[in-house]
Amino acid sequence: MSAPEPLLLTGARMPGETEPVDVTIVDGRVAAIVPAGSGGFGRTSADAIPQGAPRRSTFARNDTAPPERIELDGRWVIPGLWDNHVHFSAWAAVSRRLDVSTARSAAETVALVRAAVEGAGILVGFGFRDGLWDDEPTAAGLDAVSGDRPVVLVSGDLHCCWLNSAALAQFGRAGHPTGVLREDDAFAVQRALDDVPAATVDAWALDAARAAAARGVVGIVDLEMAWNHDVWQRRAAAGHDLLRVEFGVYPQHLDRAIGDGLRTGDLVDEAGLVRVGPFKVITDGSLNTRTAYCFDEYPGLEGRPNSHGLLTVPPTDLRDLLVRATAAGFVPAVHAIGDHANRLVLDVFESIGCAGSLEHAQLLALVDVPRFAALGVVASVQPEHAMDDRDVADRFWSGRTHRSFALASLLEAGATLAMGSDAPVAPLDPWITMAAAVGRTRDGREPWHPEQRIPAEAALAASTRSGSRIRLGAPADLAVTELDPLAAGDDLTAAASHLRTMPVALTLLEGRPTHRAV
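Per chain, residue numbering runs from 1 following the sequence as it is written. Owing to the predicted nature of the model, reporting of local features is limited to residues with pLDDT of at least 70; listing and counting of side-chain atom pairs is limited to 80 or more, with chain, interface and lining totals taken over all residues. Neither water nor hydrogens contribute to the side-chain values; these are computed over all heavy atoms in the structure.

Let us look at the sheet that holds strand S16 (residues 356-360). Between any two strands, pairing holds if DSSP finds at least two bridges. To qualify as a helix, a DSSP run of H or I must reach at least 4 residues; to qualify as a strand, a run of E must reach at least 2; elements of each kind are numbered from the N terminus. Read across the sheet, eight strands follow the order S6-S12-S13-S14-S15-S16-S17-S18 without closing on themselves; strand pairing throughout is parallel. Here the strands that pair on one side only, and so sit at the sheet edges, are strand S6 (81-86) and strand S18 (417-419). Across this sheet, the average inter-strand angle for adjacent strands is 25°, counted without regard to direction. Where strand S12 (residues 217-222) meets strand S13 (residues 244-249), four bridges bridge the pair, whose relative direction is parallel. Bridge assignment links Val221 to a residue of S13, and that residue is Glu246. Every residue pair with non-hydrogen atoms within 4.5 Å of one another is taken to be in contact. A fitted line through C-alpha atoms serves as each axis, taken over the contacting stretch for helices, and the angle formed by two N-to-C directions is quoted from 0 to 180°. Here helix H8 (residues 228-237) sits on the sheet in contact with S12, S13 and strand S14 (274-282), set at roughly 160° to S13. Those strands touched by helix H11 (residues 339-352) are strand S15 (332-336), S16 and strand S17 (377-381), and its axis lies near 155° from that of S15.

With that out of the way, let us pick up H8. Relative accessibility thresholds used throughout: buried, under 20% of the residue-type maximum; exposed, over 50%; partly exposed, between the two (1.4 Å probe, protein chains only). Listed in full, the buried residues belonging to H8 are Asn228, His229, Val231, Trp232 and Arg235. On an axial view of H8, the arc spanned by its buried residues comes to 165°, and they lie on one face. On the buried face of H8, the contacting elements are helix H2 (88-94), helix H7 (198-213), S12, S13 and S14. With its phi angle positive at about 100°, Gly239 sits one or two positions after the end of H8. Note: the arc covers the axis-to-C-beta directions of the helix.

Turning our eyes to something else, we now look at the sheet that holds strand S9 (residues 151-155). Here we have five strands laid out as an open sheet, ordered S7-S8-S9-S10-S11, and mixed in their pairing. In this open sheet, the two strands that pair with only one neighbour each are strand S7 (98-99) and strand S11 (180-182). Examined bridge by bridge, strand S8 (residues 123-128) and S9 share five bridges and lie parallel to one another. What sits directly across from Val124, in S9, is Val152. Packing of helix H4 (residues 139-146) onto the sheet brings it into contact with S9 and strand S10 (160-163), and relative to S10 it is tilted by some 45°.

In plain words, nonpolar cores are sets of buried Ala, Val, Leu, Ile, Met, Phe, Trp, Tyr and Cys residues tied together by side-chain atoms within 4.5 Å. One finds Phe88, Ile220, Phe330 and Phe372 to be the most contacted residues of the largest nonpolar core, which totals 80 residues. Beyond its immediate stretch of four places on either side in the chain, Phe372 contacts Leu346, Leu358, Ala361, Leu364, Val377, Val378, Ala379, Leu410 and Ala415. Of all hydrophobic cores here, the second largest spans 18 residues; its members include Leu7, Met14, Ile25 and Val30.

The next subject is the side chain of Gln362. Tracing the chain through its elements places Gln362 in the loop between S16 and helix H12 (371-375). With residues near it in sequence (within four places) discarded, Gln362 still touches Leu287, Ala336, Ile337, Asn342, His385, Asp389, Trp397, Arg403, Ser404 and Phe405.

Remember, this is a structural readout, not a statement about activity or role.
Written as C-alpha cells, this is what we have:
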C-alpha cells in the first residue's frame with residue numbers, strides 16, 4: 001500500500017480540554033500536536049517525527065506540496081474506537097432476518113412468524129429471549145403457522161435456536177422433542193445458516209463496515225465461529241479496507257492454524273489491516289439460556305440435570321487446549337459467564353502461567369475479582385448485556401447481581417477492561433457500549449447497581465487501543481466527534497445519555513478517511 005498523503009487537522013480539541021490544537025499526520029501516524037494556528041504542519045520535519053515512527057513521508061519528499069487540510073472548527077479528536085468482541089458476519093446478516101426481539105412470549109413470537117411466513121426457502125429470525133416467558137417455545141407452535149417452510153429462530157444471546165419440524169428435518173434433528181437446541185447443537189445450526197455465497201455475505205459485511213466506521217470504529221476482534229483466515233483474506237483482496245480486523249481461531253480449527261504456521265498478531269493481508277487474533281474457547285453457556293455455569297442452581301431448575309448451567313469444556317480439557325495453543329503462539333480468549341465458569345477459567349490461566357482475556361466475565365465471585373490483575377488476564381466485557389439482562393439476572397441470579405457486570409470492582413482491583421458488543425447480541429456501536437458502562441441504565445429506567453458504573457474516561461479508554469487521548473507517533477486511527485465525550489464530568493447519568501447518541505464527524509484509518517461528514 002502506498003504511503004498516505006500528509007494531512008493537517010486544524011482547530012481540534014482533546015476530550016475534557018478547551019484550547020484548540022492542530023494535528024499533523026505524516027505517513028499515517030500522528031506526527032505533531034501543536035496549539036492551533038502555530039504552524040503545526042510547517043514544524044513537521046523529519047526531526048519532529050517521534051523516534052521509531054516511519055520517516056518516509058510525502059511531505060519529506062516534497063516539502064513544497066501543501067497538505068490536505070480538514071477544518072475541525074473545535075470538534076473533538078479521540079483515538080479510533082475498537083469493538084473487542086463481535087461476530088461480524090452474523091452481525092452483517094441480522095438486518096436481513098426476521099426481527100423477533102420484541103416478542104414477550106412464545107405466542108407473540110409465533111404471531112410474528114405467522115405474519116412473515118409467506119415465501120420460499122428457509123425463514124430465519126433473530127433476537128428472541130425466553131428467560132422470562134410464561135409459555136414454552138415448541139416446534140409444534142411454529143408448525144401451526146409455518147407449514148412445510150423451514151423456520152429457524154436464533155436467540156438474542158446466540159446460545160439457543162428454536163426450529164420447526166421442517167427445519168429440524170433439514171438440519172438432521174427430526175423428531176426432536178421440543179425444537180429448542182442449545183449450545184453446541186445451536187451453534188452447529190448457526191454455522192449452517194452462515195453458508196451464504198461469499199459475494200453476498202461480503203457485500204453485507206462491507207455495508208456493516210461502513211456503518212461501523214460512521215460510528216468512529218477503526219477495528220474489530222471478529223470471533224465468528226468460522227475459518228476466518230480465508231474469509232478476511234478474500235475480503236481484503238476485494239478491497240475491504242475500512243476496518244482493522246483481528247480474527248479468532250476456535251478449537252475445531254486449531255490444527256489447521258498450527259499447520260499453517262499462524263500465530264496471534266500475524267499479518268495476513270498486503271494492506272496490513274488483517275491479523276490473526278486470539279484462540280477462542282467457549283466454556284459455558286449464557287444467562288438467558290440458563291446455561292451459564294454457576295455455583296448456585298437456577299431457580300425453578302433445582303434437582304434437574306444441568307441445574308447449575310452447562311460446563312461445555314471441563315478444566316482438564318481447557319488446560320490441554322491452552323497449553324497447546326500458547327505453545328504455538330496464540331493468545332487465549334476464553335468465554336465464561338457464570339461465576340463457577342469464571343473461577344475455573346482463572347484457575348487454568350493460573351495453573352499454566354499464561355495471560356489472555358476472559359470473555360464476558362458476567363458473574364464473578366468477589367474473591368476472584370482481584371485475580372484478573374494478578375494474573376494479567378484482560379476482562380473483555382460487554383456492558384450493554386447488563387441492560388438486556390438486568391431483569392433475567394434479577395430473577396435467576398437473585399442475591400448475586402451486585403457482583404454481576406462488576407466493571408467498577410474490576411477497575412478498582414487494577415484489571416484491564418476491553419469493551420465490546422458481542423454483536424449481533426448487542427449493536428456494534430462502542431458509544432452504546434460506553435453509555436451502558438457509564439450509566440447502567442437505558443430507556444429511562446433507574447440505574448441498575450449504580451455502584452458498578454465507571455467514569456466516561458475509563459469507558460473511552462477501554463474502547464480504544466491507546467487510552468482516551470491521541471498520542472504522538474501512534475497510527476492515525478482517529479475519530480472526530482461533534483461533542484466532548486467527557487463533557488458531563490462526574491454526572492454519570494448525564495454522561496451516559498450524552499455518549500449513547502454521540503455524533504461522529506470523521507473517522508480516519510492511518511490518516512485515510514473511512515467516514516467523513518465534515
